[in-house]
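Coordinates in review
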Amino acid sequence: MLNLLDYTLDELQNWMKENNESAFRAKQVFSWIYKKVYNFNDMNNIPKSLKEKLENSFIIDMPKIEHVYESAVDGTKKILLALKDGNLIECVLMKYKHGNSICVSTQVGCRMGCRFCASTLEGLIRNLEPWEIIDQILKIQEDIGKRVSNLVLMGSGEPLDNFENTKKFLRIVNDKNGLNIGYRHITLSTCGIAPKMRELADLEIPINLALSLHSPYDEKRKEIMPIANAYPIKDILDACKYYIKKTNRRVTIEYSLIKGVNDSEKEAQELIRLLKGMLCHVNLIPVNNVEERDFKRPNKSHIYRFRDILEKNNIPATVRISMGSDIGGACGQLRRKHK
Ligand code: SAH
């Protein structure tokens, strides 16, 4: 049996043709699924003969919700999903005034090994299939009974380390007949796999790119992010510039502030030197607590001083307010194990 959620509209059109059906039927079936009609019998514009063919060829496979956590502080929800093979993944719903935003995982675990991040503690278990990434959105929409309008690929995993599945996922969520989430409302965050960043740029889809930089110095970056051994800062910033050239989008530079590690004025100045003239903005993330790690956040005034130094030098910078920290739903806190 084939999983229907694994199909892009094009692929479903091909399937229709191969099965002697008109291609326009694909659009109808596709629209039904993303309107949450999962039973072929209920798709009332589909002829009986096609319903039978679909029934015999496809399943619509959904993971089970294992647990929903809700933050008492800000209403953020973290949903733990059990996959078919027993693996668990987490996704997070953040409620903002301007709409709902969801943070999805792209892998079970992660092999990038960033020292401050919980998702990587047990390494990579496996890549998620495109439909397993989509399911996270479907499940959240089902839970809240509302449409999700913004999407960030910032959960567990490195999206560019699961690039093929991520690309297919992006096509499906963006499809007008599918979830219809505009590319401009999607942000992909990467630890900096330079050649894949360029490949992403070559797709020329206007999603937002976020780069996890976390230090302006290669040596320091290597200490906290093993990927820095493969791609020096010059390469990843060149890849960002290439991305900007191709898509005309402003790139986000993520910078998790860790007390005594990357929060000095010297580092702020070096960051300014590196980013001068680049179409970007810096998102400062006070490091979130991960119990296996002992990284601490700088105090509030220090964080805002770091931001002010950037701003005064014409580097737009904001401090990210972490949401869902009381339910382990903030940046870097998502993990594979149910505790
Ligand atoms: N693999 C992608 C997505 C990771 S999560 C990437 O590396 O960009 C999104 C952001 O949260 C990244 O910038 C990541 O470095 C950061 N992050 C991870 N752990 C964190 C922690 N404990 N506190 C604050 N930010 C963290």
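Now for a quick tour of the structure. (Residues numbered from 1 in each chain as written. Predicted model: local features only at pLDDT ≥ 70, side-chain atom pairs only at ≥ 80, totals over all residues. Heavy atoms only, no water.)

1. Things to note about helix α8 (residues 233-247)
Put simply, the rule reads: Secondary structure elements follow DSSP: runs of H or I no shorter than four residues count as helices, runs of E no shorter than two count as strands, and numbering proceeds from the N terminus. To estimate the expected span of a helix, subtract one from its residue number and multiply by 1.5 Å. Residue exposure (1.4 Å probe, protein chains only): buried if accessible area is under 20% of the type maximum, exposed if over 50%, otherwise partly exposed. Relevant arc is that of directions from the helix axis to the C-beta atoms, nothing else. A contact between two residues is defined here by any heavy atoms of the two lying within 4.5 Å.
An ideal rise of 1.5 Å per residue puts 21 Å on 15 residues; α8 measures up with 21 Å between its terminal C-alpha atoms. Residues of α8 that are buried: Ile 233, Ile 236, Leu 237, Ala 239, Cys 240, Tyr 243, Ile 244 and Thr 247. Along the axis of α8, the buried positions cluster into a sector of 150°, meaning they face one direction only. Summarising the geometry of α8, the exposed residues directed more than 90 degrees from the buried face are Lys 234 and Lys 245. Looking at the packing, one finds that the buried side of α8 touches α6 (194-203), β11 (208-212), α7 (218-224), β12 (251-257) and α9 (265-275). At the C-terminal side of α8, Asn 248 shows a positive phi close to 65°.

2. Concerning the site of the ligand
What counts here: Here, proximity means that at least one heavy atom of the residue falls within 4 Å of the molecule or strand. Distance and chemistry together define a polar contact, namely a pair of N or O atoms within 3.5 Å, with one atom able to donate a hydrogen and the other to accept it when in protein, and with adjacent residues in sequence counting only for side-chain atoms on both sides. Here, Shrake-Rupley sampling with a 1.4 Å probe gives the accessible areas, and only protein chains in the shown set may cover a residue.
Looking at the ligand, there are 18 residues lining it, with Phe 116, Ser 189, Ser 212, His 214 and Asn 288 nearest. Between the ligand and the protein, one listed contact pairs a nitrogen atom with a backbone N or O atom of Phe 116 at 2.9 Å. Here Ser 256 contributes a side-chain N or O atom positioned 3.0 Å from a nitrogen atom of the ligand. Protein contact buries 97% of the 530 Å² of open area that the ligand shows by itself. Looking at the shell around the ligand, the elements that each hand over two or more residues are β10 (186-190) and β12.

3. Structural notes on the nonpolar core
Going by this rule: Residues enter a nonpolar core if they are buried and are Ala, Val, Leu, Ile, Met, Phe, Trp, Tyr or Cys, with the set joined through side-chain atoms within 4.5 Å.
Ranked by internal contacts, the top residues of the largest apolar core, which has 101 residues, are Leu 151, Phe 169, Ile 253, Leu 275 and Leu 310. Sorting elements by how many residues they give to this core places α8 first, with seven residues. Apart from residues lying up to four places away in sequence, Leu 310 is in contact with Ala 268, Leu 271, Ile 272, Val 282, Leu 284, Ile 315 and Ala 317. Grouped together as the second largest cluster of nonpolar side chains are six residues, Val 92, Met 94, Val 152 and Leu 334 included.

4. Digging into the side chain of Arg 335
In this fold, Arg 335 is placed in the segment after β14 (317-319). Look at Arg 335 and you get buried, because its relative accessible area is 15%. Here Glu 292 takes part through its side chain, which lies 3.1 Å from a polar atom of the side chain of Arg 335. Beyond its immediate chain neighbours, meaning those up to four positions away, Arg 335 contacts Glu 90, Ala 118, Leu 121, Ser 156, Val 290 and Glu 292.

5. Observations regarding the pairing of β12
Heads up, the condition is: Paired strands, in this sense, are two strands between which DSSP finds at least two bridges. With the strands aimed away from the viewer, a crossover counts as right-handed if its path from the first strand over the helix to the second runs clockwise.
With seven of seven residues buried, β12 is to be regarded as a mostly interior element. Burial along β12 is two-sided: Val 251, Ile 253, Tyr 255 and Leu 257 and Thr 252, Glu 254 and Ser 256, pointing in opposite directions, are all buried. The sheet contact formed by β11 and β12 spans three bridges and is parallel. When the bridges of β12 are listed, Ser 212 appears paired with Glu 254. The pairing of β12 with strand β13 (residues 280-286) spans seven bridges and is parallel. Note on β13: the bridge partner recorded for Thr 252 is His 281. For the segment spanning β12, α9 and β13, crossover handedness is right-handed.

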